Amino acid sequence: MSLRCITLADSPALLGLWNEAAEHDQLSESLLNEKIWGDADFDSSLALVEEQESQIQAMAVAVCRQQKDGCTAYVKLLATNPLKQRQGLATRLLAAIETRLKSLGAEQCRIGESAPNYLTPGVDLRYTQAIEFFSQGGFEPFSQACNMRVDLSARSPQEVSQSDLGVIRATPLDVPAVKDFLLQHWPSWWDEVQKAMLNDPATLFIAYDGPAVVGFAAYDANNLGTGWFGPMGTAPECRGRGIGVALLKECLADMATKYPTAIIPWVGPVDFYAKHVGATMSRSFQRFRKPLSK
Ligand SMILES: CC(C)(COP(=O)(O)OP(=O)(O)OC[C@H]1O[C@@H](n2cnc3c(N)ncnc32)[C@H](O)[C@@H]1OP(=O)(O)O)[C@@H](O)C(=O)NCCC(=O)NCCS
C-alpha cells in the first residue's frame, strides 16, 4: 500500500469508491467535486488516498477552518473499499492526516459538520462500522444531530406568505442590507447566504420591515442539486410575528419547482418545521470530536 495526496484526475475513482462504501450518501460527480475541490479551505495535503497496484482502496479528505476561537479540523469524507475494510487502511490515513493537522495548528477534529461546505452534520447512525471506528480512534461522541425532509410534491404553490411583512426574492440591490444583517446576527452563515444570492435567480428570500432586513431563508447554498434548504433566520427582536413561517413557505414553494423533496439539515427547532410545513425526521447523526494535542 502507498499513501499519496489526491489529484483532480482521481475524481472518477474517488466517486466510485465513495459510492461503493457510503450507501446513505450517494454522490454525483459534481457533488463530490463541490465537497472536495469546491471547498474554500481545500488543502491537498489533507486529502489522501491509499493505493494498491495503482488502485485507490481508501480515501480521506479533511479541511482546517480558522475560526475566531481557533483552528478546527473537519474530516469531510472517509471511506475504504468494502473488500479492503478492517485491514487498518482508514486508521493509517487518519493518522497521517492528524499529523498534518497538528502541524497546521488545528486544536480539535470533528467528523462531518464542516459548514458552510459539508455533506452531513456528523456520522449517520446507520454506519455502525464508522461509529465503532471513530469511538475506537479516540473520538468522543458529544451530541447528536438530525436532518428532516419535506415532501414538496404534496405542497400547494399558493401556500405562501401569511406575514404582514413583505417577503421578496433577493436581488443584487439587496446585497448590502443582507450582508449587514448577516454580519450582525450570524456572521458564520454569510458565505452560504452569499452563494444563494449568486444563483440566477437568487435562491434567497428576505423580509424587510421598512428599510431593515429582519429575516431570510435560503436554499441551494450547499450540496447543490439535492434540495438542500437553509440557512434561515429571523432577527431576535422580530420573532413571533410569522416572518420565519412566511420565509420558509416562500422558499419551499420555490424549491417545489425544482425538487420533489426538501432536506432541512442539522435542524435545531424540530417542532417549528414539523408544525408549519409537515417536515419529518429523516436522518440521525452522531457528532464526534477529538482534541489534537501538540
Ligand atoms: C469507517 C471505515 C472508513 C473504516 O475503514 P477501515 O479501513 O475498515 O478501518 P480500519 O481497518 O482502520 O479499522 C480500525 C478500527 O475501527 C473499528 N472498526 C472498523 N470496522 C469495523 C466493523 N465493521 N465492526 C466493528 N468495528 C470496526 C475497529 O475498532 C477497527 O480496529 P480492529 O480491526 O483492530 O478491531 C469503513 O468502514 C467505511 O468505509 N465505511 C463506510 C463509509 C463511512 O461510514 N464513512 C464515515 C463517514 S465520513
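Our structure is the block above this text.
Rules behind the numbers
Residues numbered from 1 in each chain as written. Predicted model: local features only at pLDDT ≥ 70, side-chain atom pairs only at ≥ 80, totals over all residues. Heavy atoms only, no water. Helix = DSSP H or I, 4+ residues; strand = E, 2+ residues; numbered from the N terminus. Rg over C-alpha atoms; globule rule 2.2 N^0.38 Å. Buried < 20%, exposed > 50% of the residue type's maximum accessible area, 1.4 Å probe, protein only. Contact = heavy atoms within 4.5 Å. Core = buried A, V, L, I, M, F, W, Y, C linked by side-chain atoms within 4.5 Å. Pairing = 2+ DSSP bridges. Axes fitted to C-alpha atoms, helices over the stretch in contact; angles between N-to-C directions. Parallel < 35°, antiparallel > 145°, perpendicular 65-115°, else oblique. Left-handed = near helix turned anticlockwise from the far one by under 90°. Nonpolar A, V, L, I, M, F, W, Y, C, P; charged D, E, K, R; others polar. Salt bridge = Lys/Arg side-chain N within 4 Å of Asp/Glu carboxyl O. Phe/Tyr/Trp six-rings, centres within 6.5 Å; stacked < 30°, edge-to-face > 60°.

Asks: Break down the overall build of the protein chain for me, with residues and values.
Replies: Along its length, the protein chain carries eight helices and 13 strands. On C-alpha atoms alone, the protein chain measures out to a radius of gyration of 20 Å, which is about the 19 Å that the 2.2 N^0.38 rule sets for 294 residues. Across its three principal axes, the protein chain shows a C-alpha extent of roughly 65 × 40 × 35 Å. Evaluated residue by residue, the protein chain yields a buried proportion of 49% over its 294 residues. Counting only contacts in the protein chain whose residues sit at least 6 apart along the sequence, the fraction spanning at least 24 positions is 73%.

Asks: An account of the nonpolar core is requested, with residue identities and associated values reported.
Replies: One finds V178, L204, F229, L252 and Y273 to be the most contacted residues of the largest nonpolar core, which totals 44 residues. With seven residues, the top contributor of residues to this core is helix α7 (residues 243-255). Among all residues touching L252, those that are not within four sequence positions of it are V150, L152, R155, F229, A262 and V277.

Asks: Could you give an account of the pairing of strand β12 (residues 261-264), with specific residues and numbers?
Replies: The alternating pattern of β12 places A262 and I264 on a buried face, while none of T261 and I263, on the opposite face, is buried. When strand β7 (residues 140-151) meets β12, the two strands line up antiparallel, connected through four bridges. Within β12, the residue paired with V150 across the bridge is A262.

Asks: Provide a residue-level description of the packing of helix α5 (residues 175-185) against helix α6 (residues 190-198), including the pertinent values.
Replies: Taken N-terminus to C-terminus, the directions of α5 and α6 make an angle of 160°; their axes are 10 Å apart at the nearest point. Looking at the two axes, α5 sits roughly antiparallel to α6. For the element pair α5 and α6, the recorded crossing hand is right-handed. Contacts from V175, V178, K179, L182 and L183 of α5 reach α6 at W190, V193 and M197. Tallied by class, residues from the contact of α5 with α6 come to seven nonpolar, no polar and one charged.

Asks: Could you give an account of the sheet that holds strand β11 (residues 229-234), with specific residues and numbers?
Replies: Taken together, four strands build an open sheet; the order of strands is β8-β9-β10-β11 and the sheet is antiparallel. Looking at which strands have only one partner, the edges of the open sheet turn out to be β8 (166-169) and β11. For this sheet, the mean inter-axis angle between neighbouring strands, taken without regard to orientation, is 20°. The pairing of strand β10 (residues 212-219) with β11 spans four bridges and is classified as antiparallel. Along β11, the bridge assignment pairs F216 with G233.

Asks: Account for the environment of G137, naming residues and giving values.
Replies: Following the sequence through the fold, G137 ends up in the loop between α4 (128-136) and β7. For the pair formed by G137 and L77, sequence separation is 60 residues and the distance between their alpha carbons is 16 Å.

Asks: Please provide a residue-by-residue account of the pattern of salt bridges, values included.
Replies: Inspection of every chain in the model, using the stated rule, returns 16 salt bridges. Residues E98 and K290 are paired through a salt bridge, measuring 3.0 Å at the closest nitrogen-oxygen approach. Of this pair, E98 sits in helix α3 (residues 89-103) while K290 sits in strand β13 (residues 280-291); the two residues are 192 residues apart in sequence, bridging distant segments of the chain. By relative accessible area, which is 11% here, E98 ends up buried. You can call K290 buried: its relative accessible area is 16%. Residues R126 and D124 are paired through a salt bridge, measuring 2.8 Å at the closest nitrogen-oxygen approach. By relative accessible area, D124 is classed as buried at 3%. Put simply, D25, D124, R126 and R283 are held in one network by salt bridges that share partners.

Asks: A description of the packing of aromatic side chains should follow, citing residues and the corresponding values.
Replies: Tallying each qualifying case throughout the model produces 13 aromatic pairs. Judged by centre distance (5.8 Å) and plane angle (75°), the ring pair of Y118 and W228 falls under edge-to-face. Here W228 lies in the loop between β10 and β11 and Y118 lies in the loop between β5 (108-111) and β6 (123-124), a separation of 110 residues in the sequence. What makes W228 buried here is its relative accessible area of 4%. Each ring, one from F181 and one from F216, has its centre 6.3 Å from the other, and the planes form 75°; the classification is edge-to-face. Here the residue F181 occupies a position in helix α5, and F216 occupies one in strand β10, the gap between them amounting to 35 residues. For the pair formed by F181 and F216, the shared burial category is buried. Pairwise contacts between aromatic rings join F133, F134, F139 and F288 into one cluster.

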